[in-house]
Amino acid sequence: VQLQACGGGLVQAGGSLRLSCAASGRTFSSYDMGWFRQAPGKEREFVAAVSRGVFRTYYADSVKGRFTISRDNAKNTAYLQMNSLNPEDTAVYYCAADPSLRIKMGDSAHEYEYWGQGTKVTVSS
């Protein structure tokens, strides 16, 4: 599967952005989808994930209550709605797909097999 992330940009603190991740192929519904981010000089970190099937969601504590992950299998697209953004959210955001069946959704980068190219989010204070 090929993933294409978009929707990043420059926003003021307190603002919102919606990221999209469009997937190619007809097997999108068989993947867990995740979002990760990487700030300058830092390691890539987990943000959120949504499962195949029943669409369970899982969030990093740092974004819980502010970000919402969702997916539309008919459109082969995953989304990340980001509200109440703050400068600490500044990073390149990556979407990823995990084809493996897991008891718990992956929150480590190595658990995801396919990656998009990243979209940059900058939050000004």
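These figures come from a predicted structure and were not determined experimentally. (Residues numbered from 1 in each chain as written. Predicted model: local features only at pLDDT ≥ 70, side-chain atom pairs only at ≥ 80, totals over all residues. Heavy atoms only, no water.)

Undergrad: I keep staring at the overall build of the chain and nothing clicks. Help me out?
TA: Summing up its helical and strand segments, the chain has zero helices and 11 strands in all. Reading the chain from its N end, one meets helices and strands in the order β-β-β-β-β-β-β-β-β-β-β. Against the globule reference of 14 Å for 125 residues, the chain gives a C-alpha radius of gyration of 13 Å, in line with a compact fold. The principal-axis extent of the C-alpha atoms belonging to the chain is close to 40 × 25 × 25 Å. Looking at the chain as a whole, 45% of its 125 residues qualify as buried. For the chain, the share of sequence-separated contacts (at least 6 apart) that also reach a separation of at least 24 residues comes to 59%. For the chain, the accessible surface area stands at approximately 6400 Å², while carbon and sulfur atoms represent 49% of it. Positive and negative side-chain charges of the chain, numbering 14 and 11 respectively, have mean locations separated by a distance of 5 Å. (Helix = DSSP H or I, 4+ residues; strand = E, 2+ residues; numbered from the N terminus. Rg over C-alpha atoms; globule rule 2.2 N^0.38 Å. Buried < 20%, exposed > 50% of the residue type's maximum accessible area, 1.4 Å probe, protein only. Contact = heavy atoms within 4.5 Å. Areas by Shrake-Rupley, 256 points an atom, 1.4 Å probe, with all protein chains shown as cover. Lys, Arg positive; Asp, Glu negative; His and termini not counted. Charge placed at Lys NZ, Arg CZ, Asp CG, Glu CD.)

Undergrad: Which parts of the structure should I look at to understand the side chain of Arg71?
TA: Tracing the backbone through its elements, the reader meets Arg71 in strand β7 (residues 67-72). Although buried, Arg71 forms no salt bridge, and the nearest oppositely charged side chain, Asp32, lies 5.2 Å from it. One polar contact links the side chain of Arg71 to the main-chain carbonyl oxygen of Phe28, over a distance of 2.8 Å. Reaching out from Arg71, the side chain makes a polar contact with the backbone oxygen of Ser51 at a distance of 3.2 Å. Setting aside residues up to four positions removed in sequence, Arg71 forms contacts with Phe28, Ser29, Tyr31, Asp32, Met33, Val50, Ser51, Arg52, Phe55, Thr77, Ala78 and Tyr79. (Salt bridge = Lys/Arg side-chain N within 4 Å of Asp/Glu carboxyl O. Polar contact = N/O pair within 3.5 Å; in protein donor to acceptor, adjacent residues only side chain to side chain.)

Undergrad: Looking at this model, I keep getting lost on the nonpolar core. Mind explaining?
TA: Nonpolar side chains in soluble globular proteins tend to be buried together. One finds Met33, Trp35, Val47, Phe67, Leu80, Met82 and Tyr93 to be the most contacted residues of the largest nonpolar core, which totals 36 residues. Sorting the residues of this core by element identifies β1 (3-6), β3 (17-23), β4 (32-38), β5 (45-50), β7, β8 (77-82), β9 (91-98) and β11 (119-124) as the ones contributing at least two each. Setting aside chain neighbours within four positions, we find Phe67 in contact with Arg37, Val47, Tyr59, Leu80, Gln81, Met82, Asn83, Leu85, Asp89 and Tyr93. (Core = buried A, V, L, I, M, F, W, Y, C linked by side-chain atoms within 4.5 Å.)

Undergrad: Even after reading the chapter, I still don't get the pattern of salt bridges, so can you show me in this structure?
TA: A side chain with one charge can pair with a side chain of the opposite charge if their charged atoms come near. Inspection of the entire model under this criterion finds eight salt bridges. Across the pair Asp89 and Arg66 runs a salt bridge whose closest N-O atoms are separated by 2.7 Å. Pair noted here: Asp89 is in the loop between β8 and β9 and Arg66 is in the loop between β6 (57-59) and β7, with a separation of 23 residues, a long-range link. Of the two residues, Asp89 and Arg66, both sit in the buried class. Put simply, Arg102 and Asp98 hold a salt bridge, and the shortest N to O gap is 2.6 Å. Among the residues examined, Arg102 registers a relative accessible area of 30% and is labelled partly exposed. Through salt bridges with shared partners, one network takes in Arg37, Glu45, Arg66 and Asp89.

That is the geometry; function is a separate question.
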